[in-house]
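Residue-level listing of the chains:
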Amino acid sequence: MTPSPLRLLIADDHAVVRAGLRALLEGEPDLDVIAEAGDPGEAVRLTESLAPDVVLMDLRFESTGRGGIGDGVEAVRALTVRAPEVPVVMLTSYSGRADVVRALEAGARGYVLKAGPPEDLFRAVRGAAAGGMGLAPGIVGDLVGQVAAPIPELTEREREVVRLMADGNSSRAIAGSLYLSEATIKTHLVRIYRKLGVDNRAAAVSEAVRRGLLELT
């Protein structure tokens, strides 16, 4: 039996952008856009009611959404409380370090640039839906080397786990790649979170690359 397509919600304040994204995404047989939102508040409301598999969220909006939600990062924060099971991938034109880190620390499961190749977007969407996360290669490279206070070093195995998470792999996929049990991977995640002072996968990858603990390309 063919699996059902992933159900996506697009949140962007430009109708032309939303139309273009819909056409691009629905050109993939496993992706289906079920709704569009023109402001961040509407995106939160529709996500709560429709429970899509993945939300594609713009970073900045011209108008504030209902509930005083002013931008995509605030919408991500709201969704981590109201619909924590729905992963959010940021799709934006802004690639500054501060924007990327802020989005990932809020709980975004990916960060992709609108100017990037479609394959980056597809990979991020599928990775987020599978429980992983996806960062555009240029985003990862830009974050590496940011100066921060020293923290406990990750072991080589822990670095491998975070590197595979950054590529959008789920815990099961990471276990298969490293020939370990899924339970062992979960144990590694607990240790990684503790060392990095975070509590989720997106924040772990963000913190690791921000502090230069990973040599990613």
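Each remark here, short or long, concerns the structure printed above.
Note that this is a predicted model, so its numbers are computed, not measured.

The rules behind the values
- Residues numbered from 1 in each chain as written.
- Predicted model: local features only at pLDDT ≥ 70, side-chain atom pairs only at ≥ 80, totals over all residues.
- Heavy atoms only, no water.
- Helix = DSSP H or I, 4+ residues; strand = E, 2+ residues; numbered from the N terminus.
- Contact = heavy atoms within 4.5 Å.
- Areas by Shrake-Rupley, 256 points an atom, 1.4 Å probe, with all protein chains shown as cover.
- Core = buried A, V, L, I, M, F, W, Y, C linked by side-chain atoms within 4.5 Å.
- Buried < 20%, exposed > 50% of the residue type's maximum accessible area, 1.4 Å probe, protein only.
- Arc of directions from axis to C-beta.
- Salt bridge = Lys/Arg side-chain N within 4 Å of Asp/Glu carboxyl O.
- Polar contact = N/O pair within 3.5 Å; in protein donor to acceptor, adjacent residues only side chain to side chain.

(A) Seen up close, the overall build of the protein chain. What the protein chain contains, in helices and strands, is ten helices and six strands. Long-range contacts, defined as pairs at least 24 residues apart, comprise 66% of the intrachain contacts of the protein chain with a sequence gap of at least 6. With an accessible surface of roughly 9900 Å², the protein chain has 52% of that area assigned to carbon and sulfur atoms.

(B) Spotlight on the nonpolar core. Of all hydrophobic cores here, the largest spans 50 residues; its most connected members are L9, M57, M90 and L196. Apart from residues no more than four positions distant in its own chain, M57 is found in contact with A11, A43, G72, A75, L79, V88, V89, M90 and L91. If you look at the next biggest cluster of nonpolar residues, it comprises 17 residues, including L8, V33, V89 and V112.

(C) Quick look at helix α1 (residues 15-25). Along α1, the residues classified as buried are R18, L21 and L25. One side of α1 carries all its buried residues, which in axial view fall inside an arc of 65°. In α1, the exposed positions that point more than 90 degrees away from the buried face belong to V16 and A23. Structurally, α1 contributes buried residues whose contacts are with β1 (6-11), β2 (31-37), β3 (54-57), β4 (88-92) and α5 (118-129).

(D) Geometry of the side chain of D12. By secondary structure assignment, the location of D12 is in the loop between β1 and α1. D12 sits in the buried class, given a relative accessible area of 1%. Apart from residues no more than four positions distant in its own chain, D12 is found in contact with V17, R18, A37, G38, D58, F61 and K114.

(E) Representation of the pattern of salt bridges within the structure. As enumerated under the stated definition, the model contains 15 salt bridges in all. Two residues, R126 and E28, come together in a salt bridge whose shortest N-O distance is 2.7 Å. Highlighted residues: R126 in helix α5 and E28 in the loop between α1 and β2, separated in sequence by 98 residues. Through salt bridges that share partners, R18, R22, E26 and E36 make up one connected network.

(F) View of the side chain of T92. Within the fold, T92 resides in strand β4. With a relative accessible area of 0%, T92 lands in the buried category. For T92, the side chain forms a polar contact with the main-chain nitrogen of Y94, separated by 3.1 Å. In contact with T92, not counting residues within four places along its chain, are D58, L59, Y111, V112, L113 and K114.

(G) Expanded view of the environment of R191. By the element assignment, R191 lies in helix α9 (residues 182-196). Taking the C-alpha atoms as reference points, R191 and L154, 37 residues apart in sequence, are found 9.0 Å from one another.

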